[in-house]
Amino acid sequence: MKYVLVTGGVVSGLGKGVTASSIGVLLKACGLRVTSIKIDPYLNTDAGTMSPFEHGEVYVLDDGGEVDLDLGNYERFLDITLTRDNNITTGKIYKSVLDKERRGDYLGKTVQVVPHITDAIQEWIERVAVIPVDGKEGPADVCVIELGGTIGDIESMPFIEALGQFSYRVGSGNFCLIHVSLVPVLNVVGEQKTKPTQHSVRGLRGLGLTPDILACRSTKALDENVKGKLSQFCHVPVLLKAENIITLYDVPNIWHIPLLLRDQKAHEAILKRLNLHGKSQPDLEEWTARTELSAMLCNPVKIAMVGKYTGLSDAYLSVLKALLHAAVACHRKLVVEWVAAGDLEDTTAQEAPDAHKSAWEILKGADGVLVPGGFGDRGVQGKILAAKYARENKVPYLGICLGMQIAVIEYARSVLGMEDANSTEFDTRTSNPCVIFMPEGSKTQMGGTMRLGSRKTYFNNRDCKAAKLYGNISSVDERHRHRYEVNPEMIEQFENSGLSFVGKDETGCRMEVIEISAHPYFVGVQFHPEFKSRPGKPSPLFLGLIAASSGQLNTVLHNCGHLSSKTAAKKQGASNGHPAAKLYQNGNKAKYSNGLANRVYSNGNGNGIH
């Protein structure tokens, strides 16, 4: 087994996760099988109880693991299926060691950070690295490990020590360390400064690890003299010199990162360090074509994202990626219009009329509406109003988890006349509980007690839009994360009035998919389809939303969930007044004739989601 460790320095948020994922893509394109491990130094056992404002979205795996969002990047980029053990936390390690101590496994010895915690970390890595994640038998060839946080953080110290020991144990030909660091440019003089990276590497070496490759984040490509200085002062191996210093400069979207690494021959440096001689050059033809296509798209599709965490895009990272995958498949430039759910409510009209007016203008100007999952009652009334607007005005709508539940509540209030219809999560005394707490749930133990992981949904109506989007199959496996469900005792009332429950679990009592057949596209799902969306294989339900929002749904339904490239290309054209962009190659850098790159704009303010 070969190991690639990715660490970060100077500041957090440099993109270690995307870098690690891109390294995996590059190695996979060279014909290697790749797996990934993410180390998070926080004490939480997992990410399940953490606020999205604190740590971004909670990503859910097939086995029900609630993990860091970077594992979503790994799965999307590498098209693999990870396990909960691929996410290591301080809490997990200490719990495993303390459980052994309580059983007496240490035979009376004093249990210490070194060697017991550090040994546990190394044993965990070796055990998980050999678990197949790509559907094939046998272990992978390379395990890419990302160490979260920044070098110098107190909580990272046991992991640094363990990884230093680990590098010596597996041998230099089996271990490659890539350090992601910042090379800032001072606007006053326009000079790229190497001192932050020098100090970061010095700290790393002082802890027993020496980087083999530097991946330098900067606004533009590094000058040659800057590379030379970094090579000299950061002790990058003299044999390889500056070719082991890579620039990760700003690009239109993260799909460009594997191409940046390839163009700078990062794969050659990694393969040489790992003694993997004779491997083929990376085959990234499909990846390159998708990246170039995404950069050329200019015909927009506007999706109103109505949620409560709109101040932090990472809270909905997988949803955004799923929308992007679907938009590229439909040859549309995605524009996400953020709508704070609370701003749609009547109370905001009194307290902040400008915000209320702006929110409604955005909602009414969108081509489609998406209400993602969430917890708590803040903004729920605004989400209900968004669902009502989409239903009454025939605007394409996709509700995920809570987004489905509030659509059911809205239908009960507006169509069935149940004025106090609600979820018991928000009103325990409602006389019309449309959404109720699941019988097997726990109200006292929060972590890991929801309905989690991949579960099967059966379509009882193969003629519905959802079943057609999935390819006319009888059932589908999707990932769940919820404590509340639609009240099965009220299903007959809903279906008699036009709201169809077209997908259910194996018992037939748990509602999974709703549709309104008389609506162009009104779909709600209890599961989270965004977690299984991939760049080359967009989630069928997100594809349906984008297709419906751009006038292509009939084609997609006719083709059982697929949109032929010829049809999409014909529809792209100049219908929005912009000519189709042309791609010109100049060396390794692409230039676009209309100056447009495929950034996902937030309300047109230019703050891209990359």
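Bear in mind that the values here come from a model prediction, so they are computed numbers and not experimental data.

## Quick look at the sheet that holds strand β11 (residues 245-249)
The parallel open sheet is built from seven strands, whose spatial order is β5-β2-β6-β1-β7-β10-β11. If you trace the sheet from one side to the other, it starts and ends with β5 (87-89) and β11, each paired once. Each strand axis lies, on average, 20° off the axis of its neighbour in the sheet, ignoring direction. Running at roughly 130° to β11, helix α8 (residues 224-233) makes contact with β10 (213-218) and β11 of the sheet.

## Examining the pattern of salt bridges
All chains considered together, the criterion is met by 30 salt bridges. Among the salt bridges present, the one from Lys532 reaches Asp62, with a minimum N-O distance of 3.5 Å. Of the two residues, Lys532 is situated in the loop between β23 (522-525) and α19 (540-549) and Asp62 in the loop between β3 (59-60) and β4 (66-67); the sequence distance between them amounts to 470 residues. Among the residues examined, Lys532 registers a relative accessible area of 26% and is labelled partly exposed. Of the charged contacts, one joins Asp463 and Lys468 as a salt bridge, the two residues approaching to 3.3 Å between their closest N and O atoms.

## Observations concerning the sheet that holds strand β16 (residues 422-423)
Picture the strands of a sheet paired through backbone hydrogen bonds; they go either parallel or antiparallel. Strand order in the open sheet made by the three strands is β16-β17-β20, with mixed pairing throughout. Each having just a single partner strand, β16 and β20 (484-486) make up the two edges of the open sheet. Where helix α16 (residues 402-414) meets the sheet, its contacts fall on β16, β17 (433-437) and β20, and the angle it forms with β17 comes to roughly 150°.

## Regarding the packing of aromatic side chains
Scanning the entire structure with this criterion turns up eleven aromatic pairs. With centroids separated by 6.0 Å and ring planes inclined at 45°, the aromatic side chains of Tyr309 and Tyr316 adopt a geometry described as tilted. The burial state of Tyr309 is the same as that of Tyr316; both residues are buried. Each member of the aromatic cluster is reached from another via a ring pair, and the members are Tyr309, Tyr316 and Trp338. Stacked on the ring of Trp124, the Lys or Arg Arg127 has its end atom at 4.9 Å from the ring centre.

## A short note on a nonpolar patch on the surface
On the surface, Tyr94, Leu98, Val113 and Val114 cluster together into a nonpolar patch covering about 310 Å² of accessible area. Position of Leu98 relative to the elements: it lies in helix α4 (residues 90-103). Classification of Leu98 by relative accessible area gives partly exposed; the value is 48%.

## Quick look at the nonpolar core
Ranked by size, the top nonpolar core spans 96 residues in total, and within it Val4, Leu323, Leu370 and Leu541 carry the most contacts. No fewer than three residues from each of domain 1 (2-290) and domain 2 (297-562) sit in this core. Excluding residues that lie within four positions of it along the chain, Leu370 makes contacts with Ile303, Ala304, Met305, Val306, Val319, Leu323, Leu398, Ile400, Phe542 and Leu545. By size, the runner-up hydrophobic cluster in this structure holds 46 residues, among which are Leu344, Phe437, Leu499 and Ile516.

## Some thoughts on the environment of Gly471
Along the chain, Gly471 turns up in the loop between α17 (465-469) and β19 (475-482). For Gly471, a relative accessible area of 30% translates into the label partly exposed. In this structure the C-alpha to C-alpha distance between Gly471 and His558, which are 87 residues apart in sequence, comes to 9.9 Å.

## Focus: a positive patch on the surface
There is a patch of like positive charges on the surface, built from Lys195, Arg202, Arg205 and Lys229. Sorting elements by how many residues they give to the positive patch places helix α7 (residues 195-206) first, with three residues. Mapping Arg202 onto the fold places it in helix α7. Residue Arg202 is classed as partly exposed on the basis of its relative accessible area of 49%.

## Digging into the packing of helix α14 (residues 353-364) against helix α15 (residues 380-392)
Closest axis-to-axis distance for the α14/α15 pair is 11 Å, and the angle between their directions is 35°. Remark: the crossing between α14 and α15 carries right-handed chirality. Contacts from Trp360, Leu363 and Lys364 of α14 reach α15 at Leu385, Ala386 and Tyr389. Its residues assigned to classes, the contact of α14 with α15 comprises five nonpolar, no polar and one charged.

## A word on the packing of helix α5 (residues 113-129) against helix α6 (residues 157-170)
Two numbers describe how α5 lies on α6: the axes approach to 9 Å, and their chain directions differ by 65°. The handedness of the crossing between α5 and α6 comes out as right-handed. Residue-level contacts link Val113, Val114, Ile117, Thr118, Asp119, Ile121, Gln122, Ile125 and Glu126 of α5 to Pro158, Phe159, Glu161, Ala162, Leu163, Gln165, Phe166 and Arg169 of α6. Among the residues making up the contact of α5 with α6, the classes are represented as ten nonpolar, three polar and four charged.

## Details of the pairing of β11
Counted residue by residue, β11 has four buried out of five residues, so it is predominantly covered. Pairing geometry for β10 and β11, over five bridges, is parallel. When the sheet's bridge partners are listed, Ala215 is paired in β11 with Ile246.

## Observations concerning the side chain of Arg33
Inspection of the secondary structure assignment puts Arg33 in the loop between α1 (16-29) and β2 (34-40). Since its relative accessible area comes to 16%, Arg33 is described here as buried. A polar side-chain atom of Arg33 sits 2.8 Å from the main-chain carbonyl oxygen of Gly138. Residue contacts for Arg33: discarding those within four places in its chain leaves Pro132, Asp134, Lys136, Glu137, Gly138, Pro139, Ala140, Asp141 and Val142.

## Section: the pairing of strand β22 (residues 511-515)
Counting buried positions along β22 yields five of five residues, so the element is predominantly enclosed. As paired elements, β22 and β23 share three bridges and run antiparallel to each other. For Glu515, the partnering residue across the bridge sits in β23 and is Val523. From the end of β22 to the start of β23, which pair antiparallel, there are six residues.

## Topic: unusual backbone geometry
Residue Pro115 follows Val114 across a cis peptide bond; omega there is 20°. Tracing the chain through its elements places Pro115 in helix α5. Residue Asp79 is not a glycine yet carries a positive backbone phi of 55°. As for its placement among the helices and strands, Asp79 is situated in the loop between α3 (70-78) and β5.

Calculation notes
Residues numbered from 1 in each chain as written. Predicted model: local features only at pLDDT ≥ 70, side-chain atom pairs only at ≥ 80, totals over all residues. Heavy atoms only, no water. Pairing = 2+ DSSP bridges. Helix = DSSP H or I, 4+ residues; strand = E, 2+ residues; numbered from the N terminus. Axes fitted to C-alpha atoms, helices over the stretch in contact; angles between N-to-C directions. Contact = heavy atoms within 4.5 Å. Salt bridge = Lys/Arg side-chain N within 4 Å of Asp/Glu carboxyl O. Buried < 20%, exposed > 50% of the residue type's maximum accessible area, 1.4 Å probe, protein only. Phe/Tyr/Trp six-rings, centres within 6.5 Å; stacked < 30°, edge-to-face > 60°. Lys NZ or Arg CZ within 6 Å of the ring centre and 35° of its normal. Patch = residues over 30% accessible without salt bridge, like charges linked within 9 Å, V, L, I, M, F, W, Y side chains within 5 Å. Areas by Shrake-Rupley, 256 points an atom, 1.4 Å probe, with all protein chains shown as cover. Core = buried A, V, L, I, M, F, W, Y, C linked by side-chain atoms within 4.5 Å. Domains from an automatic or database assignment. Lys, Arg positive; Asp, Glu negative; His and termini not counted. Charge placed at Lys NZ, Arg CZ, Asp CG, Glu CD. Left-handed = near helix turned anticlockwise from the far one by under 90°. Nonpolar A, V, L, I, M, F, W, Y, C, P; charged D, E, K, R; others polar. Polar contact = N/O pair within 3.5 Å; in protein donor to acceptor, adjacent residues only side chain to side chain.

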